[in-house]
Amino acid sequence: MKLRNKEKDVIALLNKAQRENKHNYITEDKLKLTAQEAGLSYSEVYGVATFYSLFSLKPRGEYVIQVCDSGPCHLMGSKSIFKVLEKELKIKVGETTADGRFTLEEVSCLGICNEAPAMMINEKVCGNLTPQKIREILRELRKKK
Amino acid sequence: MIKELKSPLRVVLENYGRINPESIEEYIAQDGYEAVGKVLREMRPEQVLSEIKASGLQGRGGAAFPTGLKWEFTAKAKDAPKYIICNADEGEPGTFKDRAILEGDPHKIIEGMIIAGYAVGAHYGYIYIRGEYLLSINRFNKALKQAREHRFLGEDVFGSGFNFQIEIHQGAGSYVCGEETALMESLEGKRGNPRFKPPFPPSSGLWGKPTLINNVETLANIAPIILKGSDWFRTFGTKKCPGTKVYAISGHVKEAGLIEAPMGITLREIIIDYAQGMRDSKFKMAQVGGTAGAILGEDMLDVPLDYASLGEKGLVLGSGAILVMDETTCALDMLECFLNFFKRESCGKCIPCRVGTEKLLELATAISRGEGKEDDIDLMLHTAKVMQKTSLCALGQSLILPISTTLKYSREEVTEHIKGRCPTGVCKI
Ligand SMILES: Cc1cc2nc3c(=O)[nH]c(=O)nc-3n(C[C@H](O)[C@H](O)[C@H](O)COP(=O)(O)O)c2cc1C
Ligand code: SF4
């Protein structure tokens with residue numbers, strides 16, 4: 001019976017590669033290595049890596065802030081959340097702060113619609129956002145080394 | 001923990017918030033794994049199939065396909081091996097019911113998968129959980145470990161000679177991977193592009209082998225049906241759509257959250273009895289079924305929210321997501337938001353959807369900026385109709401519904417933008 005071979009599963013390998021990288025992205029070397037490990041061509045692995053939104057091929061901040069802009073969050077004010085974040089971080093959606101600490105991204109529904117507007121910072125979910133709450137969250141993160 | 005609005009009825013959510021989801025002992029104390037025991041000791045696969053068929057259970061992932069029939073197709077497929085997949089990719093905006101079930105009662109899904117495996121003759125199951133649901137993944141991992149230790153999974157379960165294994169696959173961010181054939185591509189380690197159908201998964205699915213794929217909520221109904229019987233199950237809901245539904249409520253209501261209610265509850269009942277009414281302002285409209293769902297206006301407040309009643313009107317219940325919007329909402333601004341979602345999530349495999357989603361968003365954005373033309377509205381409808389007829393998968397095919405129903409209720413409001421005014425003041429013209 002054919003089963004998924006975890007050691008050779010591209011998506012799992014890419015996931016691991018990204019997680020181990022300090023800048024939350026998959027380097028070109030890792031892409032090549034993954035291709036070898038999975039027994040695929042470089043272009044196949046590149047195709048997979050660029051298909052899924054959780055993967056990045058560009059260096060990102062230490063903290064990746066992903067704000068949802070799907071229906072429920074949009075309705076509950078995600079636009080103002082983006083505004084506050086852009087102002088506080090002095091970057092636009094898709095950019096990384098000059099000190100390499102924060103990246104701001106717009107993403108699809110995170111499944112926390114009962115707490116809209118919501119966002120995820122790395123692996124942590126933050127809901128019921130208000131401008132004030134965001135400033136507090138950023139203050140906490142900035143304090144951390 | 002997601003707020004569960006007062007729901008008197010509990011089938012799928014019977015253990016939700018009542019047991020420690022990380023304790024198999026607590027699950028067992030609630031008759032957990034008894035359904036598996038009953039099936040493996042007392043029932044032949046055909047008997048399981050007929051019980052599920054008799055229950056009238058329909059798939060809760062959106063398409064409402066009769067579950068028993070799907071199981072039977074897979075059971076009858078000649079090829080081997082066969083696979084079971086639990087679809088836990090939950091990406092439909094406004095939907096968070098599968099997350100609640102996974103986080104709150106993971107063993108119920110394991111039970112459903114084992115029973116499904118026995119019924120169709122599969123010995124291996126995958127659960128595809130979206131990568132964003134880290135708590136679900138953790139809890140499910142723990143539950144799998146416990147189930148293996150208790151020998152509910154593995155070889156010779158309950159001394160019956162039946163073997164069954166389950167493995168988790170973690171998604172990596174893609175809405176279209178919830179579509180069953182895209183999900184299988186993704187599980188095979190490829191880009192998540194949907195396949196042409198037919199062949200359908202029961203005859204050719206994962207690695208080209210017969211595959212049964214069911215939604216989390218569908219599988220959560222299995223153990224209760226086996227233990228309490230299909231007649232009991234049919235005491236809930238409507239004749240055509242038996243059972244309960246877990247609805248996910250979000251938007252301008254006093255209390256957002258989950259409810260489990262009999263199939264066929266109305267929007268008015270949901271808003272007033274469960275969500276404690278509107279938050280600040282009067283009801284304007286609701287989107288039912290997620291972003292691919294229809295907009296319902298005030299005249300639809302008393303339509304039963306089940307697959308058949310909505311289907312008769314050309315509408316869908318979809319995942320059971322309900323986004324309630326009040327009078328401060330701009331219908332065009334929301335439509336633009338929906339189209340932005342589809343543009344981002346279109347996988348790009350087929351031209352009508354790849355180009356169509358882009359063009360539709362451009363049109364909506366132009367109108368919302370006061371740069372639209374009178375003909376643009378009809379052009380949007382026309383584009384979506386072409387996409388409905390020519391797109392490969394339901395993502396491209398279903399856009400017509402939010403567009404046409406938005407226009408049904410709010411065409412004048414959209415036209416006002418073309419004249420240079422947003423009636424609610426949401427859009428900056
Ligand atoms: C674009 C798209 C996204 C989908 N997303 C999901 C999903 O997240 N979860 C799900 O169970 N079904 C989803 N479906 C439906 C599945 O294709 C399939 O019908 C379902 O998993 C079958 O299970 P069921 O019969 O138990 O409902 C999606 C379909 C489409 C077209
Ligand atoms: S309709 Fe859209 S999502 Fe579906 S296959 Fe075509 S491009 Fe991909």
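These numbers come from a predicted model, not from an experiment.

## Description of the overall build of chain B
Helix and strand counts for chain B stand at 18 helices and ten strands. Computed over its C-alpha atoms, the radius of gyration of chain B comes to 22 Å, within 12% of the 22 Å expected for a compact globule of 429 residues. Projected onto its principal axes, the C-alpha positions of chain B cover 75 × 45 × 35 Å. Counting all 429 residues of chain B, 64% fall into the buried class. Partitioning the contacts of chain B with sequence separation of at least 6, the portion at a separation of at least 24 is 71%. Approximately 15600 Å² of chain B is accessible, and the part contributed by carbon and sulfur atoms is 50%. Between the averaged position of the 52 positive side-chain charges in chain B and that of its 55 negative side-chain charges there is a distance of 3 Å.

## Describing the site of ligand 1
All names here are of chain B. Residues in close proximity to ligand 1 total 17 residues, the closest being Gly61, Lys70, Asn214, Asn215 and Thr218. A distance of 2.8 Å separates an oxygen atom of ligand 1 from a polar atom in the side chain of Asn214. When residues in the shell around ligand 1 are grouped by element, the largest group, three residues, is from strand β5 (residues 211–215).

## A word on the pattern of salt bridges
Scanning the model with the defined rule gives 42 salt bridges over all chains in all. Between B:Arg344 and A:Glu106 there is a salt bridge; the shortest N-O distance is 3.0 Å. Of this pair, B:Arg344 sits in helix α14 (residues 331–345) while A:Glu106 sits in strand β2 (residues 102–107), which puts the two residues in different chains. By relative accessible area, which is 26% here, A:Glu106 ends up partly exposed. A salt bridge links B:Glu185 to B:Arg195; its shortest N-O distance comes to 2.7 Å. Separated by ten residues along the polypeptide, B:Glu185 in helix α8 (residues 180–187) and B:Arg195 in the loop between α8 and β5 bring together distant segments of the chain. The pair B:Glu185 / B:Arg195 is uniform in exposure class, with both members buried. When salt bridges with common partners are traced through the structure, they connect B:Glu14, B:Asp105, B:Lys108 and B:Lys228 into a single cluster.

## Description of the sheet that holds strand β6 (residues 244–251) of chain B
Picture the strands of a sheet paired through backbone hydrogen bonds; they go either parallel or antiparallel. All names here are of chain B. Ordered by their spatial adjacency, five strands build an open sheet running β7-β6-β10-β8-β9, and the pairing between neighbours is mixed. The sheet is open, and its two borders are formed by β7 (257–262) and β9 (294–296), each paired with just one other strand. Between one strand axis and the next, the sheet turns through 30° on average, direction left out of account. Bridge count for β6 against strand β10 (residues 321–326) is four bridges, and the pairing is parallel. Looking at β10, one finds that Ile249 is bridged to Ile322. Seen against the sheet, helix α18 (residues 400–418) touches β8 (283–288) and β9 and runs at an angle of roughly 40° to β9.

## Observations regarding the nonpolar core
In terms of nonpolar packing, the biggest core is built from 77 residues, with A:Leu14, A:Tyr52, B:Leu206, B:Leu339, B:Met380 and B:Ile403 touching the most fellow members. Residues B:Val36, B:Met43, B:Ala88 and B:Ile101 belong to the second largest nonpolar core, which totals 64 residues.

## Description of a nonpolar patch on the surface
All names here are of chain B. On the surface, Phe65, Leu69 and Phe73 cluster together to form a nonpolar patch covering roughly 250 Å² of accessible area. Relative to the helices and strands, Leu69 resides in helix α4 (residues 67–76). Judged by relative accessible area, Leu69 falls into the partly exposed class, the value being 31%.

## Quick look at the packing of aromatic side chains
Applying the stated criterion across every chain yields a total of 16 aromatic pairs over all chains. Centre to centre, the rings of A:Phe51 and A:Tyr52 are 4.9 Å apart; their planes meet at 75°, and the pair counts as edge-to-face. Of the two residues, A:Phe51 and A:Tyr52, both sit in the buried class. Three or more aromatic residues link up through ring pairs in this structure, and these residues are B:Tyr27, B:Tyr33, B:Phe152 and B:Phe158. Its end group placed over the ring of B:Tyr133, B:Arg99 keeps NZ or CZ at 6.0 Å from the ring centre.

## So, the domain arrangement of chain B
Size of an interface: often given as the accessible area lost when the parts come together. Residue and element names in this part refer to chain B. Here chain B is partitioned into domain 1 (24–233), domain 2 (244–326) and domain 3 (331–418). Distance between the C-alpha centres of domain 1 and domain 3: 35 Å. Every contact between the two is made by eleven residues of domain 1 and, on the other side, seven residues of domain 3. Summed over both partners, the interface of domain 1 with domain 3 comes to about 820 Å²; 76% of that surface belongs to carbon and sulfur atoms. Area buried by domain 1 at its contact with domain 3 is led by Tyr175, Val176 and Pro194, which between them contribute 53% of it. The interface formed by domain 1 and domain 3 includes zero salt bridges. Joining domain 1 to domain 3, the criterion identifies two residue pairs in polar contact (both at pLDDT 80 or more). The residue makeup of the side of domain 1 that touches domain 3, split by class, is five nonpolar, four polar and two charged.

## Quick word on the site of ligand 2
Residues and elements named next belong to chain B. In the vicinity of ligand 2, 13 residues are found, and the nearest of them are Cys347, Lys349, Cys350, Cys353 and Cys393. Put simply, ligand 2 lies in the largest cavity. Among the residues forming the shell around ligand 2, the class breakdown is eight nonpolar, four polar and one charged.

## Describing empty space enclosed by the protein
All chains considered together, the criterion is met by two cavities of 30 Å³ or more. The computed volume of the largest cavity comes to approximately 80 Å³. The wall of the largest cavity is formed by 13 residues, among which B:Cys347, B:Cys350, B:Cys353, B:Leu392 and B:Cys393 lie closest to the centre. Of the residues assigned to the lining of the largest cavity, the class counts are eight nonpolar, four polar and one charged. One number sums up the size of the second largest cavity: a volume of about 50 Å³. Those elements giving two or more residues to the lining of the second largest cavity turn out to be α4 (71–75) of chain A together with β10 of chain B. Looking at which element gives the most residues to the lining of the second largest cavity, the answer is β10(B), with three residues. When the residues that make up the lining of the second largest cavity are grouped by side-chain class, the tally is five nonpolar, six polar and no charged.

So, how was this worked out
- Residues numbered from 1 in each chain as written.
- Chains lettered and ligands numbered in written order.
- Predicted model: local features only at pLDDT ≥ 70, side-chain atom pairs only at ≥ 80, totals over all residues.
- Heavy atoms only, no water.
- Helix = DSSP H or I, 4+ residues; strand = E, 2+ residues; numbered from the N terminus.
- Rg over C-alpha atoms; globule rule 2.2 N^0.38 Å.
- Buried < 20%, exposed > 50% of the residue type's maximum accessible area, 1.4 Å probe, protein only.
- Contact = heavy atoms within 4.5 Å.
- Areas by Shrake-Rupley, 256 points an atom, 1.4 Å probe, with all protein chains shown as cover.
- Lys, Arg positive; Asp, Glu negative; His and termini not counted.
- Charge placed at Lys NZ, Arg CZ, Asp CG, Glu CD.
- Near = heavy atom within 4 Å.
- Polar contact = N/O pair within 3.5 Å; in protein donor to acceptor, adjacent residues only side chain to side chain.
- Salt bridge = Lys/Arg side-chain N within 4 Å of Asp/Glu carboxyl O.
- Pairing = 2+ DSSP bridges.
- Axes fitted to C-alpha atoms, helices over the stretch in contact; angles between N-to-C directions.
- Core = buried A, V, L, I, M, F, W, Y, C linked by side-chain atoms within 4.5 Å.
- Patch = residues over 30% accessible without salt bridge, like charges linked within 9 Å, V, L, I, M, F, W, Y side chains within 5 Å.
- Phe/Tyr/Trp six-rings, centres within 6.5 Å; stacked < 30°, edge-to-face > 60°.
- Lys NZ or Arg CZ within 6 Å of the ring centre and 35° of its normal.
- Domains from an automatic or database assignment.
- Buried area = accessible area lost by both parts, 1.4 Å probe.
- Nonpolar A, V, L, I, M, F, W, Y, C, P; charged D, E, K, R; others polar.
- 1 Å grid on protein atoms, 1.4 Å probe; cavity = no way out; pocket = protein on both sides within 12 Å on 5 of 7 lines; lining within 4 Å.
- Sits in = over half its atoms within 2 Å of the grid points.
- Points joined across faces, edges and corners; volume = space filled by probe spheres on them.

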